[in-house]
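Each chain, written out:
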Amino acid sequence: MSIAVIGAGAFGTALALSLAGKTDVTLWGRDTAWAERRENPRLPGIALPRSLQVTDRLDKIGARTILLALPAQTLGGFLADHAARFDGRDLVSCAKGIDLVTLNGPSALIAQACPRSNVAVLTGPSFAADIARGLPTALTLACADAATAEHLQRDLSTASLRLYRTTDVAGAELGGALKNVIAIAAGAAIGAGFGDSARASIVTRGFAEMTRLAAALGARPETLTGLSGLGDLVLTCTSDQSRNFRYGLALGAGDDFAAGTTVEGAATARAVAALAPRLGVELPISQLVAGLAEGRIAMEHALDILLNRPLKEE
Ligand SMILES: NC(=O)C1=CN([C@@H]2O[C@H](COP(=O)(O)OP(=O)(O)OC[C@H]3O[C@@H](n4cnc5c(N)ncnc54)[C@H](O)[C@@H]3O)[C@@H](O)[C@H]2O)C=CC1
Ligand SMILES: O=C(CO)COP(=O)(O)O
């Protein structure tokens, strides 16, 4: 068995490192100048073993199983250029977002570009640094084809990475994408000084939004209560390790935020805001995050917008 990981950011590198203890792994990045030092600046302080092959040449990628760990908004462009190379192999999406151009999730983009491939999703509560350090982590592996789900679950589990499987690709993928939007709102509440009680309300009402939207897009509600939905929502809304949460903190506090940081929830909020009226679902927190991210709504009006909504049953 051999595995390739496309995308040498924090997550791709952490997954490649974890799997390299078990099998032959090649990590592809567009910029691998760091490879000789065996330390990726996106994952500082983590030494990469010599057994992990790092390349910037896609023609070196021969593995049957490919993990795609690029940011969601870059995946469409990457596939437009390179999909033919991968069609027919097992392709595992590791991105957590909704594409702003098509309003599709990464797995649908991949399936359209690579129609002969089995497409799976790897998602769930996991910071790249935790995986890279070998800390215990549980994830969800979703694939509509049950046999492929089983073999990918086996192939991608390691001593510290425990995978659960499901055939609900939409549910698993949407949980991972939508929790980033809610994490921005949770961060903004903390950054603005609204307190932990406000954060708990946002997490809970945000989870209701996630479940509503996912159901409207064909997901099974129980998938949202699993690792990929509730599990990742809890992690991301409560940890300073989360870039989405930290971006929210900065929005709430009126601080600058480091440009170039991958914050999937900002674009995904805008995608969700575009989907909501089409699907006839109300998503006030996500729509507020879209407005904040676009600069259409000022933070000082955010609370009024949420609190002045009509009173209703829970
Ligand atoms: N970092 C984490 O803890 C986790 C990240 N994820 C997901 O993994 C995905 C990737 O995130 P990270 O690795 O954290 O991001 P990152 O910001 O660490 O790295 C992104 C990488 O993608 C590369 N890249 C960007 N556009 C590209 C293109 N057009 N072609 C080739 N390479 C390109 C960049 O050079 C960089 O190496 C996101 O969807 C994120 O939500 C999922 C779980 C955990
Ligand atoms: O997806 C993640 C944890 O499961 C990583 O979250 P951030 O992208 O917010 O850092």
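The rules behind the values
- Residues numbered from 1 in each chain as written.
- Chains lettered and ligands numbered in written order.
- Predicted model: local features only at pLDDT ≥ 70, side-chain atom pairs only at ≥ 80, totals over all residues.
- Heavy atoms only, no water.
- UniProt positions renumbered as here; feature names shortened; annotations may be inferred.
- Helix = DSSP H or I, 4+ residues; strand = E, 2+ residues; numbered from the N terminus.
- Contact = heavy atoms within 4.5 Å.
- Polar contact = N/O pair within 3.5 Å; in protein donor to acceptor, adjacent residues only side chain to side chain.
- Salt bridge = Lys/Arg side-chain N within 4 Å of Asp/Glu carboxyl O.
- Buried < 20%, exposed > 50% of the residue type's maximum accessible area, 1.4 Å probe, protein only.

Q: Which parts of the structure should I look at to understand the UniProt feature "domain: Glycerol-3-phosphate dehydrogenase NAD-dependent N-terminal" (unreviewed entry) in the chain?
A: Under the UniProt annotation, the feature "domain: Glycerol-3-phosphate dehydrogenase NAD-dependent N-terminal" (unreviewed entry) is placed at residues 2-148. Here residues 2-148 runs as 29% helix and 22% strand, with 15 Å between its end C-alpha atoms.

Q: In this structure, what is going on with the UniProt feature "binding site: NADPH" (unreviewed entry) in the chain? I would like to understand it.
A: As recorded in UniProt, the sites labelled "binding site: NADPH" (unreviewed entry) are Phe-11, Arg-30, Lys-96, Ala-128, Arg-243 and Glu-264. Secondary-structure assignment places Lys-96 in the loop between β5 (90-93) and α3 (106-113). Beyond its immediate sequence surroundings of up to four residues, Lys-96 is in contact with Ala-72, Thr-123, Gly-124, Ser-126, Gly-176, Ala-177, Lys-179, Asn-180, Asp-232 and Glu-264. A polar contact is formed between the side chain of Lys-96 and the backbone oxygen of Gly-124, at a distance of 2.9 Å.

Q: Help me understand the pattern of salt bridges in this model?
A: Counted by the stated rule, this structure contains 11 salt bridges. In this structure, Asp-87 and Arg-116 form a salt bridge, with 3.6 Å as the shortest nitrogen-oxygen distance. With Asp-87 in the loop between α2 (72-86) and β5 and Arg-116 in the loop between α3 and β6 (119-123), the pair connects residues that are 29 residues apart, well separated along the chain. Note on Asp-87: relative accessible area 17%, which makes it buried. Note that Asp-232 and Lys-96 form a salt bridge whose closest N and O atoms lie 2.7 Å from each other. One end of the pair, Asp-232, is in helix α9 (residues 227-238); the other, Lys-96, is in the loop between β5 and α3, with 136 residues separating them in the sequence. Using a relative accessible area of 1% as the deciding quantity, one classes Asp-232 as buried. One continuous salt-bridge network, built from bridges that share partners, spans Lys-96, Lys-179 and Asp-232.

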